[in-house]
Amino acid sequence: MCNLRSTRFPLNQQPRIRNIQNPVPFVGALVFVLSFYWYGFPARYVLFANQDVTLFLTTSDYFHSFINHPGGLLEYTGSFLSQILRYRFPGAMLLGLMVCSAYYLAVALFRHTSDRTEAVVVGLLTAALVMAMHNYYPHRLHHSLGMILAILLANSAPSNLKGKRIYMLISVPVFYLVCGGFAWFYLVIWMIIGGFNNGRIIPETLLWGILYPALLLLISGRFLFLYPFKRLIFNPLPAGQAYGSVVWPVVFAVWMVLIPVLSRILNRVRWKGPQRHIVAPLIAVAVTILVLSFSYKRKNAAFFGIEEMAVREDWDELLRYVEKNPSTNLFGTFYTNLALCYQGRLCSDLLKYPQPFGRRGLCFEWDSKGEVLRRGSDFFWAIGHVNEAHHWAFESMVVDGITRRNLKRLIETELVTGNVELASKYIGLMNRTLFDRPLARYYAQFLENPGLIREDPVLGPRSLIRIREDFFADGIDLEKNLKSMVAGDVRTRPVFDYLMALYLLERRVDDVVALLPDYVRSIPVQLPVLLDETLLVYQITHREDSRTNLRVSQATARRFEDYAGILRQHRDQSVAAAKLYPGYGQTFWFYLNFKELIGY
Amino acid sequence: MITGRHIRAIVSIGITLIVSSSGFFMSCNGPGPARDAQVSQLTLPANMFPDYNGVTVPPNIAPLNFTVREEGEHFRARWEGRDGTIIEQSGRKGAFRIPVKKWSELLAGNRGGAVEVKVFKREQGQWMAYPPFQIQVAEEEIDPFLVYRLIPPGYETWTNMGLYQRDLTSFREKPLIENINVEENCVNCHSFNLGNSDEMLFHVRGSMGGTMIGKAGEIKKVDLKREETLSAGVYPAWHPAGNVIAFSTNRIEQYFHARPGRTIEVMDRQSDLILYQIHSGEVTHVPGTEDDEYMETYPTWSPDGAWLYFSRADAHEETPFDSIRYNIYRIAFDPGTGKFSGDTELVFDATGQDWSASFPRISPDGRYLLCTVHDYGTFPIWHREADLCLVDLTSGAWKIPGGINSDNTESFHSWSANSRWVVASSRRDDGRYTKPYISYLDNSGEFKKAFLIPRRNPRSYDLMMTSFNRPELITGPVSIPPRRWVRAAKLGK
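All values derive from a computational prediction rather than experimental measurement.

Procedures and definitions
- Residues numbered from 1 in each chain as written.
- Chains lettered and ligands numbered in written order.
- Predicted model: local features only at pLDDT ≥ 70, side-chain atom pairs only at ≥ 80, totals over all residues.
- Heavy atoms only, no water.
- Salt bridge = Lys/Arg side-chain N within 4 Å of Asp/Glu carboxyl O.
- Helix = DSSP H or I, 4+ residues; strand = E, 2+ residues; numbered from the N terminus.
- Buried < 20%, exposed > 50% of the residue type's maximum accessible area, 1.4 Å probe, protein only.
- Phe/Tyr/Trp six-rings, centres within 6.5 Å; stacked < 30°, edge-to-face > 60°.
- Lys NZ or Arg CZ within 6 Å of the ring centre and 35° of its normal.
- Expected span 1.5 Å × (residues − 1).
- Bend = angle between axes of the 7 residues up to and from the residue.
- Contact = heavy atoms within 4.5 Å.
- Axes fitted to C-alpha atoms, helices over the stretch in contact; angles between N-to-C directions.
- Parallel < 35°, antiparallel > 145°, perpendicular 65-115°, else oblique.
- Nonpolar A, V, L, I, M, F, W, Y, C, P; charged D, E, K, R; others polar.
- Pairing = 2+ DSSP bridges.
- Buried area = accessible area lost by both parts, 1.4 Å probe.
- Polar contact = N/O pair within 3.5 Å; in protein donor to acceptor, adjacent residues only side chain to side chain.

A. Seen up close, the pattern of salt bridges. Residues and elements named next belong to chain A. Following the criterion strictly, the structure yields 59 salt bridges over all chains and no others. Among the salt bridges present, the one from Arg165 reaches Glu204, with a minimum N-O distance of 2.8 Å. Residue Arg165 is found in helix α9 (residues 161-179), and its partner Glu204 is found in helix α11 (residues 203-224); the two are separated by 39 residues along the sequence. Note that Arg508 is salt-bridged to Asp511, the shortest N-O span being 2.8 Å. Taking relative accessible area as the criterion, Asp511 reaches 29% and is therefore assigned partly exposed.

If you want it as structure tokens, here you go:
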């Protein structure tokens, strides 16, 4: 473990530290508490976003899939630790420990060449940068772990020549194999710490810091690993297309490299007086607050909060949340509509929530990459299109690897379609996880007794769906899929509601009314209010050629009279909209008249 | 400083550890039921996977490790050859792993005979015996290597895949090329000239697209697309002379069924046949196939190179997908002049049975044609009803043989060099993940019960999330190392 006190000063200079109360542990504890609170509460979305990126399996195949390339063992460790993020407070604690480790390591790095108390400030800023990296949700645990290990290794290097040589000889290849591209970060810090003498580079530094690793890389690429050089160099650094372009890892890396330089500069600064102990910490706190506020994305927090509720299938809470925090994010809109569907409120409350994406907010178009693929299955599962739900979940598994989410969906779809052998295979896989064995046992009961499937509230209704006439699913055209379901005799509420919702969003009054007789026959409920409002519009615009015998409710008719009254009073559309919005903003009439004004 | 006392202590501790761990492992290897112990007989056979009950195996196959999928305190098995060779093994949690050397000796000593397998389980201290079963050992060996692609049986996407070579006499599996090495391009359609690993090819699709042809240790990367062809070459077939390769060119479409029971429909909307001259690089159409009157695909040569066989459908773009059906045809070829002659002959009338026939392949002795028959279309792996059909080319008689087929998909297949063994892609286990099954064809034209190629850990199939695609038997290992293929894919040679 690295020594937080300076190891590079003769003993007669050390008493200065002993006489001052060491604030490092106290501030370290504060850092832990702050980060624990941060990830447990405001930035809780980080836990959710990272908990199911990959499902850790206790199989040898899973292990071998990681260790066949440099950096794989680090990724494996990260995958293991990510499972802890499923649990709120243990997950927050894990992230807190990581942040805290970075703090202590930064202090130690500073103390290599300085014993000033500004070490605490340096540590605090480092902690803030780690938190900023994690606020960006594609940043994984293994990214921070790699950085922390690199700093630890650099900090621990011996200063005597023989020790240094042996240390570098062994640590560089081992660290490269374990942590991949983080080896370069380690080497840069090591060179900054111990590679200079009176401002001049020690020649042997170039050997260990540049030539030796270059040779290792060449050997790896030429003889050991048959991967492209780019991958050998960069994997698994937080960079590249998959990670996205964000400044925090770069800022962190540069900051860590500058710490030893900063400590040497500060050694030459004479700053006496109590202001020194106030100003620096104040700056640190101010910068920390700025870093956290710049890196914290409220939109991500909102979206992942919505998704977490959707994954838990807590539709009530989801809708309560979006009522107070309406989402204008594609995925947020998608889940809002999904919740409305499950609550049977899609055709009554659709327009209570922002719908800036039109039909794309109902169902995604097929996309073989990215965020869309891992969520698309939810729509098809909701409407009972089991084959397509399976399709999306399977493709997500192929592209993203096995996650809890796609594996669960695969099990569900195989059970519903009676593919017992496949369901058994996937359940067997789920049984090889750390925390999902109870879920595997739950599904295993259906293997032993398939009759139970019909009684299950989730699987049962879907097992009863029979598509009378087969058709080909369309990856782009939602309307075609829904119409084909109806034509194939799948006349369930979700199918009808989504088709109606599509017509409503596209203001296709005639299509709504044409479908109404089927809707009413198949779904024995009172006509949802938006459909009632649309029917009224139809009857007004088709007085001569109305093709429906359905009647608008009296309540809707009365409301329309009031609506029309207000509308007639104001010639200016914007003024009319402003007047109508409080009472009628959620009606189909308002949407029909003022869709463009709303901004959709 | 380390002294002699230290060394003695270390050695003592080491010996103690070795002895105690040997005892531990030995206890894993026994004890079984004593020969004179009361062993109750069970009436039902063991629920084992893979199912090796009653199979016929080549004498050079790797150990048939299997697992008993039942509850029990302890499991034990005994393999007894008619020559008196016995192997006894304990099964850790019901999984049996037979030592390779002992297994080889057992098979070598019982060639042409049988091995009896007895499986025992212990419950509540009482040993019980399952009904014994036989494994027949054929005289004829199987080609020692199998090459296949491992790929998730997905719909449209892929990430990791690769071509692998498996030594069937052991459990060794080596990559020939993995797509991670070639910028995640797709690698597919590996093909060998009559099982000769010195003449092989595969396609790379993506940023490094092309066809990699390996011949006599040299690699060439070629682009088979021409202006007049529908596509680059797709399904390949080496002429036995090794100087010409036939390919199909295809315009392929894919759709996804809504109704459970069917998953994917892959069909050609146009397809033709081309010939690629290896030395000159010339690409020509096989005469009569360049127009759109028919769709021709899946070329294959007779072993003497005198005939080109292929699937052909009388269909066009507007034909409903479930009405597209293929028959097997052939056309005469003169290897000396490199020219085709005569008319196209009907070899197997699948449409007469309301079937479609794909993947025609001729046995190396020229006697049989094996193809895949299914209700319609041209991509049988997604058709549960797909079966292998054996056509006797000497008499024209055909049948759907029992031993090699199942009530699930059988699709792509490959003959061994001695025409006695066939490897078939099968989805009989779960309907999704394709696995290679081997079946023996005896002298009377009967296929014996197929068996799944064994793996060191018999449970590993349960956890595999990839399919074995296009299993091809080859007579020797591929000598070109992966590094050279990768280099050639990047640089063209």
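B. Structural context of the packing of aromatic side chains. All names here are of chain B. Tallied over the entire structure, the rule returns 70 aromatic pairs over all chains. Taking 5.7 Å as the distance between ring centres and 55 degrees as the angle between the ring planes, the aromatic pair formed by Tyr155 and Phe256 counts as tilted. With a gap of 101 residues between them, Tyr155 in the loop between β11 (145-151) and β12 (162-167) and Phe256 in strand β19 (residues 244-256) connect regions that are remote in the sequence. Like Phe256, Tyr155 is buried. Above the face of the Trp307 ring, Arg330 is positioned so that its terminal group lies 3.6 Å from the ring centre.

C. Broad picture of α9(A). Residues and elements named next belong to chain A. Taking 1.5 Å of rise per residue, the 19 residues of α9 would be expected to cover 27 Å, and the 25 Å separating its terminal C-alpha atoms lies within 8% of that figure. If you look at α9, its biggest bend is around 25 degrees, right at Ser171, and the proline Pro173 turns up within four residues after that. Those residues of α9 not exposed but buried are Gly163, Lys164, Tyr167, Met168, Ser171, Val172, Pro173, Phe175, Tyr176 and Cys179. The inward-facing, buried residues of α9 abut α5 (72-82), α8 (141-155), α10 (182-194), α11 and α12 (229-234). A positive backbone phi angle near 60 degrees is found at Gly180, which sits one or two residues after α9.

D. Structural view of the packing of α8(A) against α9(A). Residue and element names in this part refer to chain A. Where α8 meets α9, the closest approach of the two axes is 12 Å, and the angle between their N-to-C directions is 180 degrees. Classified by the angle their axes make, α8 and α9 are roughly antiparallel. Contact residues: Gly146, Leu149, Ala150 and Leu153 in α8; Tyr167, Ser171, Phe175 and Cys179 in α9. Partitioned by chemical class, the residues of the contact of α8 with α9 number six nonpolar, two polar and no charged.

E. Fine view of the pairing of strand β26 (residues 356-362) of chain B. Residue and element names in this part refer to chain B. Along β26, seven of the seven residues are buried, which leaves the element largely enclosed by surrounding structure. Two strands pair when backbone bridges link them, and β26 and strand β27 (residues 368-374) are joined in this way by five bridges, in the antiparallel orientation. Counted as the bridge partner of Arg361 is Leu370 from β27. Where β26 hands over to β27, the hairpin turn is made up of five residues, of which Gly366 adopts a positive phi near 80 degrees.

F. The arrangement of the sheet that holds strand β25 (residues 339-348) of chain B in detail. Residue and element names in this part refer to chain B. Ordered by their spatial adjacency, four strands build an open sheet running β22-β23-β24-β25, and the pairing between neighbours is antiparallel. Only two strands of the sheet have a single partner each, and these edge strands are β22 (295-301) and β25. Going from strand to strand, the sheet's axes swing by 30 degrees on average, the running direction of each strand aside. One ladder, built from five bridges, connects β22 with strand β23 (residues 307-313); its direction is antiparallel. Looking at β23, one finds that Met295 is bridged to Ala313.

G. Layout of the interface of chain B and chain A. Taken together, the 32 residues of chain B in the interface contact 37 residues of chain A. Buried area between chain B and chain A, both sides added, is near 3,200 Å², and the carbon and sulfur share of it is 61%. Interface area lost by chain B to chain A is led by B:Ala258, B:Leu463 and B:Arg483, which between them contribute 21%. Taken together, the links from chain B to chain A amount to zero salt bridges. For the pair chain B and chain A, the interface holds 24 residue pairs in polar contact (both at pLDDT 80 or more). Looking at the side of chain B that touches chain A, the elements that each hand over two or more residues are β19, β20 (264-277), α3 (460-463) and α4 (482-491) of chain B. Within the side of chain B that touches chain A, the residues separate by chemical class into 18 nonpolar, five polar and nine charged.

None of this, on its own, says anything about what the molecule does.
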